[in-house]
Amino acid sequence: MKKNISVVTAALLATTLATQAVAEDAKPKRSLKGNMMVEYHQLPDEAKSLQEMFSKGIFYGRLRANSFTWDYNDDTNQVDNRAIGVGGSLVYKTAPFHGFGVNLGAYYTNAVDSLKQNEINKVKAGKDTFSRYKVANENDYSLFSLAEANVYYKHGKSKLKVGQQIFESVFTKSNDTKMIPNTFMGATFENKSIEGTSIRLAHFTEQKLRDHETNHDVVTFNDGTSAIRPEWNGNDDSAVHKGLSHANFTANNKSVDHTLSIVTVKSNIGKNLKTEVSYLTVPEVVNNLTLEAHYTMKAGNTKVIPGFRYMMQKDDGGGA
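Bear in mind that the values here come from a model prediction, so they are computed numbers and not experimental data. (Residues numbered from 1 in each chain as written. Predicted model: local features only at pLDDT ≥ 70, side-chain atom pairs only at ≥ 80, totals over all residues. Heavy atoms only, no water.)

Chemist: What exactly am I supposed to notice about the nonpolar core here?
Modeler: Burial of nonpolar side chains together is a common tendency in soluble globular proteins. Membership of the largest hydrophobic core comes to 15 residues, with the highest contact counts inside it found for Phe 204, Leu 260, Val 282 and Val 285. Within the residue set of this core, elements represented by two or more residues are strand E10 (197–208), strand E11 (260–269) and strand E12 (273–282). Leu 115, Val 123, Phe 130 and Trp 232 belong to the second largest nonpolar core, which has 11 residues in total. (Core = buried A, V, L, I, M, F, W, Y, C linked by side-chain atoms within 4.5 Å. Buried < 20%, exposed > 50% of the residue type's maximum accessible area, 1.4 Å probe, protein only. Helix = DSSP H or I, 4+ residues; strand = E, 2+ residues; numbered from the N terminus.)

Chemist: Before we go on, may I ask you to explain the pairing of strand E13 (residues 286–295) in this structure?
Modeler: A regular strand carries its side chains on alternate faces of the sheet. Two strands pair when backbone bridges link them, and E12 and E13 are joined in this way by 10 bridges, in the antiparallel orientation. Within E13, the residue paired with Glu 276 across the bridge is Glu 292. In sequence, E12 turns back onto E13 through a hairpin of three residues, with Glu 284 there showing a positive phi of about 65°. Direction of pairing for E13 relative to strand E16 (residues 307–315): antiparallel, over a ladder of nine bridges. In the sheet register, Asn 288 faces E16, and the bridge partner there is Gln 313. (Pairing = 2+ DSSP bridges.)

Chemist: How should unusual backbone geometry be read in this particular structure?
Modeler: Leaving glycine aside, a negative phi is the common case for residues, and trans is the common case for peptide bonds. The phi dihedral of Met 36 is positive, around 75°, even though this residue is not glycine. By the secondary structure assignment, Met 36 is in the loop between strand E2 (30–32) and strand E3 (38–40). Although it is not a glycine, Arg 229 adopts a positive phi angle of roughly 50°. Among the secondary structure elements, Arg 229 is positioned in the loop between E10 and helix H3 (246–251).

Chemist: Mind showing me how you'd approach the pattern of salt bridges here?
Modeler: Should the charged atoms of two oppositely charged side chains come close, the side chains can pair. Summed over the entire model, instances satisfying the criterion amount to 14 salt bridges. Two residues, Lys 127 and Asp 211, come together in a salt bridge whose shortest N-O distance is 2.9 Å. Of the two residues, Lys 127 sits in the loop between strand E6 (100–114) and helix H2 (132–138) while Asp 211 sits in the loop between E10 and H3, which places them 84 residues apart along the sequence. Taking relative accessible area as the criterion, Asp 211 reaches 3% and is therefore assigned buried. A salt bridge links Glu 292 to Arg 309; its shortest N-O distance comes to 3.1 Å. Taken together, the residues span a long stretch of sequence, with Glu 292 in strand E13 and Arg 309 in strand E16 at a distance of 17 residues. Salt bridges linked by common partners bring Lys 127, Asp 128, Lys 178, Arg 210 and Asp 211 together as one network. (Salt bridge = Lys/Arg side-chain N within 4 Å of Asp/Glu carboxyl O.)

Function cannot be read off these values alone, since they describe shape.
Quick look at the structure:
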């Protein structure tokens, strides 16, 4: 019988660095939402020169710690395990200059107290406090990632961003609940020219999951190398489809380099109705369509927001 003795999670917003002084009555630079997403409230002012683009940039520092302990009773095939990750991040945003800007985010974690190398596969919820692949091959419990590194251009109500980036959608999430976010390599475009409507386009060529230092394919499980535990160097997310493996793709003469494209249209219809249509495709693997709507009804000081979500997934060759 499995018994979970304790799972303790702590995420601490700590030291915040800036190249500018901030008045005491100014709103906080950032806040942490309930789903662990970071909202930025203070952003750099517009730069008047290339030098100001960097001198007016802002640093955002963060210290983090996550601890997990599991105890198994009455099961000799299981190993009591623990994982304690300590680290943080330093994000830098330049001031926009003629619409151009740069975002950089460095993240670090070290599992200061975890299982030994030959037992690392037994770690459960705490696996995102280190890289299982790095431990198995190098016996190294530290993990450093430049998880965000992108350039953007903003003009009017349009914004183009290219590089390694966080992209929140109905299909993709940063899942930044422990130490390092899930990010993607590619390009995104957003336009809000139509009143009450936003259109977002994304095209990604690679992904970096939370417990990885480097990018990998967006769907392929296992990297096909002779390394120790190669399945931990591809898409090893808990929701991974292991049938979409390196071996299965190559056996069917298919590429193991896939792209992920997303189109999302959000609209406010009237004062109370919000709708969203999203489409995802991984060519020659799978397509997905999502329709969503929420309607806000007020009853005094109380809001009731019924809604629905319809999802349709269609095979595009992945099944074979």
